[in-house]
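# A closer look at the structure
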Amino acid sequence: SSVRAAKDIRAVFSRLRRRLREVAGLGDLTPSQTSVLSRLERGVPASASDLATLERVRPQSMAATLAAIQEHGLIQRQPDPADGRRQLISLTEAGHEAIAGSRREREEWLARALTDHYSEGERQTIIEALALLDRLVEL
């Protein structure tokens, strides 16, 4: 049962993640670009090399990702006060608004889908199952 549960969880979460990306409202941003925006949303400016390390990509790949995001006006670069050779990247106001709007759209879609297609008992079962799955994160 463990192997089946593992396969089913991975498959369902993968499909759900794909569906949430469809309703995210972030236009033509790639999952990698969206992931960087989410990291920056936490409010801590980061350098390109820091982001590359966190995202586990090569610095050259991160540079391309950041250039694409910057074309959308969602990030800004400022000199690092501790090291003038480095630039710190943070979200612009438009970046904050894009992330907040995307989150709101995804949550509204989920709430509407749960209301329209599941009974109260089924929603309670989902809540209970999610609590069990959350324990996986703690392992």
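Refer to the structure printed above.
None of these values were measured; they are calculated from a predicted model.

What counts as what
- Residues numbered from 1 in each chain as written.
- Predicted model: local features only at pLDDT ≥ 70, side-chain atom pairs only at ≥ 80, totals over all residues.
- Heavy atoms only, no water.
- Helix = DSSP H or I, 4+ residues; strand = E, 2+ residues; numbered from the N terminus.
- Rg over C-alpha atoms; globule rule 2.2 N^0.38 Å.
- Areas by Shrake-Rupley, 256 points an atom, 1.4 Å probe, with all protein chains shown as cover.
- Lys, Arg positive; Asp, Glu negative; His and termini not counted.
- Charge placed at Lys NZ, Arg CZ, Asp CG, Glu CD.
- Axes fitted to C-alpha atoms, helices over the stretch in contact; angles between N-to-C directions.
- Parallel < 35°, antiparallel > 145°, perpendicular 65-115°, else oblique.
- Left-handed = near helix turned anticlockwise from the far one by under 90°.
- Contact = heavy atoms within 4.5 Å.
- Nonpolar A, V, L, I, M, F, W, Y, C, P; charged D, E, K, R; others polar.
- Pairing = 2+ DSSP bridges.
- Patch = residues over 30% accessible without salt bridge, like charges linked within 9 Å, V, L, I, M, F, W, Y side chains within 5 Å.
- Salt bridge = Lys/Arg side-chain N within 4 Å of Asp/Glu carboxyl O.
- Buried < 20%, exposed > 50% of the residue type's maximum accessible area, 1.4 Å probe, protein only.

### Thoughts on the overall build of the chain
- In terms of helices and strands, the chain carries six helices and two strands.
- Counted from the first residue to the last, the chain has its helices and strands arranged as α-α-α-α-β-β-α-α.
- What you see for the chain is a C-alpha radius of gyration of 18 Å, clearly larger than the 14 Å of a compact globule of 139 residues, by over 25%.
- Expressed as lengths along the three principal axes of its C-alpha atoms, the size of the chain is roughly 55 × 30 × 25 Å.
- Summing over all exposed atoms, the chain offers an accessible surface of approximately 9900 Å²; the carbon and sulfur share of this is 54%.
- With 21 positive and 20 negative side-chain charges, the chain shows a separation of 7 Å between the mean positions of the two kinds.

### Observations concerning the packing of helix 2 (residues 31-41) against helix 3 (residues 48-55)
- At a closest axis distance of 11 Å, the pairing of helix 2 and helix 3 adopts a crossing angle of 115°. The orientation of helix 2 with respect to helix 3, classified from their angle, is roughly perpendicular. Helix-helix and strand crossings are classified by hand; for helix 2 and helix 3 the assignment is right-handed. Contacts from Ser 35, Val 36, Arg 39 and Leu 40 of helix 2 reach helix 3 at Leu 51, Leu 54 and Glu 55.
- A per-class count over the contact of helix 2 with helix 3 returns four nonpolar, one polar and two charged.

### Thoughts on the pairing of strand 1 (residues 75-80)
- Here six bridges tie strand 1 to strand 2 (residues 83-91), and the two strands are oriented antiparallel to one another. Within the sheet, the bridge partner assigned to Gln 76 lies in strand 2 and is Ser 90.
- Between the end of strand 1 and the start of strand 2, which pair antiparallel, lie two residues.

### Notes on a nonpolar patch on the surface
- Together, Ile 9, Val 12, Phe 13, Leu 130, Leu 136 and Leu 139 make up an exposed nonpolar region whose accessible area comes to about 580 Å².
- Put simply, the parts of the chain that give the nonpolar patch at least two residues each are helix 1 (2-23) and helix 6 (120-138).
- Broken down by element, the nonpolar patch gets its largest block of residues, three residues, from helix 1.
- On the accessibility criterion, Leu 130 (45% relative accessible area) is partly exposed.

### Some points on unusual backbone geometry
- Phi at Arg 56 is positive, roughly 60°, even though this residue is not glycine.
- By the element assignment, Arg 56 lies in the loop between helix 3 and helix 4 (59-71).

### What about the pattern of salt bridges?
- By the definition in use, this model includes eight salt bridges.
- With a closest N to O distance of 3.1 Å, Arg 86 and Asp 80 form a salt bridge.
- Taking relative accessible area as the criterion, Asp 80 reaches 11% and is therefore assigned buried.
- Arg 123 is the partner of Glu 120 in a salt bridge, and the nearest nitrogen-oxygen pair spans 2.9 Å. In this pair, Glu 120 and Arg 123 are both assigned in helix 6, three residues apart and thus about one turn of the helix distant.
- Among the charged side chains, a salt-bridge network with shared partners connects Asp 50, Asp 80 and Arg 86.

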